[in-house]
Amino acid sequence: MGDDPASRVYVNNKKKACADLGIYSEEYALPAETTEEELLDLIKTLNKKNDISGVLVQLPLPKHINEKTVLDTIDPKKDVDAFHPVNVGKIMVGDFDFVPCTPAGVMELIKESGIDVAGKDCVVVGRSNIVGKPQAMLLLHKNGTVTICHSKTADLAEKTRKADILVAAVGIPNFIKGDMIKPGAVVIDVGINRVAEKKLVGDVDFEEAEKVAGAITPVPGGVGPMTIAMLMRNTLKAAELNNTKGEK
Ligand code: GUN
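On a predicted model such as this, the values are computed, not experimentally measured, just so you know. (Residues numbered from 1 in each chain as written. Predicted model: local features only at pLDDT ≥ 70, side-chain atom pairs only at ≥ 80, totals over all residues. Heavy atoms only, no water.)

Some remarks on the overall build of the chain
- Counting its secondary structure elements, the chain contains nine helices and seven strands.
- In summary, the chain has a C-alpha radius of gyration of 19 Å against a globular reference of 18 Å for 248 residues, a match within 12%.
- Along the three orthogonal principal directions, the C-alpha set of the chain runs to about 50 × 40 × 35 Å.
- A separation threshold of at least 6 residues defines the contact pool for the chain, and within that pool the share at least 24 residues apart is 64%.
- By element, 54% of the accessible surface of the chain is carried by carbon and sulfur atoms, the whole surface being about 13,100 Å². (Helix = DSSP H or I, 4+ residues; strand = E, 2+ residues; numbered from the N terminus. Rg over C-alpha atoms; globule rule 2.2 N^0.38 Å. Contact = heavy atoms within 4.5 Å. Areas by Shrake-Rupley, 256 points an atom, 1.4 Å probe, with all protein chains shown as cover.)

Written out as structure tokens, the structure reads:
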């Protein structure tokens, strides 16, 4: 809804990934002045449609729309973002169908790099519902010792320097400097910050950090593509759950 430029890019990337994989997709680009009722009606219609496996509302929403009401309206079985409270609760318990796409992408990068989380000191910088909180839970499920840091954390650098695995998800360009990183640490940068017309940087000062880290993800090209891949995985799961897989 509305015309957020970052959302435009993300939605285009999601549509392209669907097309590349042969997943049928529909986009509803609603004008900013659409009412909450109209948006909720659309979600309820898609919830009921047998040829639709997954429903996703791109955030942020315009100010007159209550984000919580919108996310609560998506059928938990079609909630490919895993933002519905039922799915958030399932993640907490450790028995889940859908995993939020960005934290899931981070876990996949860690796994595919042959890094064992068990017993490691993991520090997540950021406590958003989309990334920080679920990220902490996923690391905990893999037996990491997890610390969540945020804007009120005292002596942040002291905490980040203890991290064997450091996940930065604060949304502040180049916020994590080289001297905040333990030598050899795994540094995963979730930030996507636009600092000039065409320039994207992460939350980690890459030039400094790469000299200290044992492994590090770039921006762009690190976590971003993994988020999309995990959305595709959740969509396939949704098709299985809803028995909506197959020819349209
Ligand atoms: N806005 C920023 N990240 C996300 C995401 O993962 N899903 C949705 N729906 N909106 C977002």
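Focus on the state of the cysteines
- What the rule picks out here adds up to zero disulfides.
- In this model Cys-18 remains outside any disulfide bridge; the closest cysteine sulfur is found in Cys-101, 11 Å from its own.
- Note on Cys-101: relative accessible area 6%, which makes it buried. (Disulfide = S-S within 2.5 Å. Buried < 20%, exposed > 50% of the residue type's maximum accessible area, 1.4 Å probe, protein only.)

Considerations on the site of the ligand
- Taken together, Lys-14, Leu-56, Val-57, Gln-58, Leu-59, Asp-81 and Phe-83 make up the full set of residues adjacent to the ligand.
- In this structure, Val-57 approaches the ligand through a main-chain N or O atom, which is 2.9 Å from a nitrogen atom.
- Here Leu-59 contributes a backbone N or O atom positioned 3.0 Å from a nitrogen atom of the ligand.
- Within the complex, 82% of the 280 Å² of free accessible area of the ligand lies under protein. (Near = heavy atom within 4 Å. Polar contact = N/O pair within 3.5 Å; in protein donor to acceptor, adjacent residues only side chain to side chain.)

A word on the sheet that holds strand β2 (residues 145-149)
- With respect to topology, five strands assemble into an open sheet ordered β2-β1-β3-β4-β7, the strand pairing being parallel. Looking at the sheet topology across the chains shown, the edges are occupied by β2 and β7 (215-216).
- In the packing of helix α6 (residues 132-141) onto the sheet, contacts are made with β1 (121-125), β2 and β3 (165-168), and the angle to β1 comes to roughly 170 degrees. (Pairing = 2+ DSSP bridges. Axes fitted to C-alpha atoms, helices over the stretch in contact; angles between N-to-C directions.)

Observations regarding the packing of helix α5 (residues 101-112) against α6
- Close contact between α5 and α6 brings their axes to 8 Å; oriented N to C, the two are set at 35 degrees. Crossing geometry of α5 relative to α6 is assigned as right-handed. The segment α5 lies against α6, with Thr-102, Pro-103, Ala-104, Val-106, Met-107 and Ile-110 engaging Pro-134, Gln-135, Leu-138 and Leu-139.
- Of the residues assigned to the contact of α5 with α6, the class counts are eight nonpolar, two polar and no charged. (Left-handed = near helix turned anticlockwise from the far one by under 90°. Nonpolar A, V, L, I, M, F, W, Y, C, P; charged D, E, K, R; others polar.)

Here's the deal with the pattern of salt bridges
- Inspection of every chain in the model, using the stated rule, returns twelve salt bridges.
- Residue Lys-90 is joined to Asp-97 by a salt bridge in which the shortest nitrogen-to-oxygen separation is 3.6 Å.
- Since its relative accessible area comes to 28%, Lys-90 is described here as partly exposed.
- For Glu-158, the salt bridge identified is with Lys-159, shortest N-O distance 3.6 Å. (Salt bridge = Lys/Arg side-chain N within 4 Å of Asp/Glu carboxyl O.)

A closer look at the side chain of Asn-87
- When you line up the elements, Asn-87 lands in helix α4 (residues 85-93).
- Excluding residues that lie within four positions of it along the chain, Asn-87 makes contacts with Pro-76, Asp-79, Ala-82 and Phe-98.

Focus on the environment of Lys-90
- Position of Lys-90 relative to the elements: it lies in helix α4.
- Residue contacts for Lys-90: discarding those within four places in its chain leaves Asp-95, Phe-96 and Asp-97.

Examining the environment of Arg-161
- Tracing the chain through its elements places Arg-161 in the loop between α7 (156-160) and β3.
- The spatial distance from the C-alpha of Arg-161 to the C-alpha of Met-107 is 21 Å, given a sequence separation of 54 residues.
- Beyond its immediate chain neighbours, meaning those up to four positions away, Arg-161 contacts Asp-179, Met-180, Ile-181 and Lys-182.

Notes on unusual backbone geometry
- Residue Pro-60 is reached from Leu-59 by a cis peptide bond, and omega for that bond is 5 degrees.
- Here Pro-60 shows up in the loop between α2 (36-48) and α3 (67-73).
- Omega for the bond connecting Val-219 with Pro-220 falls within 30 degrees of zero, at 0 degrees, which places this linkage in the cis form.
- Topologically, Pro-220 is positioned in the loop between β7 and α9 (223-241).
- Phi is positive for Asn-143, which is not a glycine, with a value near 70 degrees.
- By the secondary structure assignment, Asn-143 is in the loop between α6 and β2.
- Not every positive phi belongs to a glycine, and Asn-174 is a case in point at roughly 55 degrees.

Any functional reading would require information beyond the geometric quantities listed.
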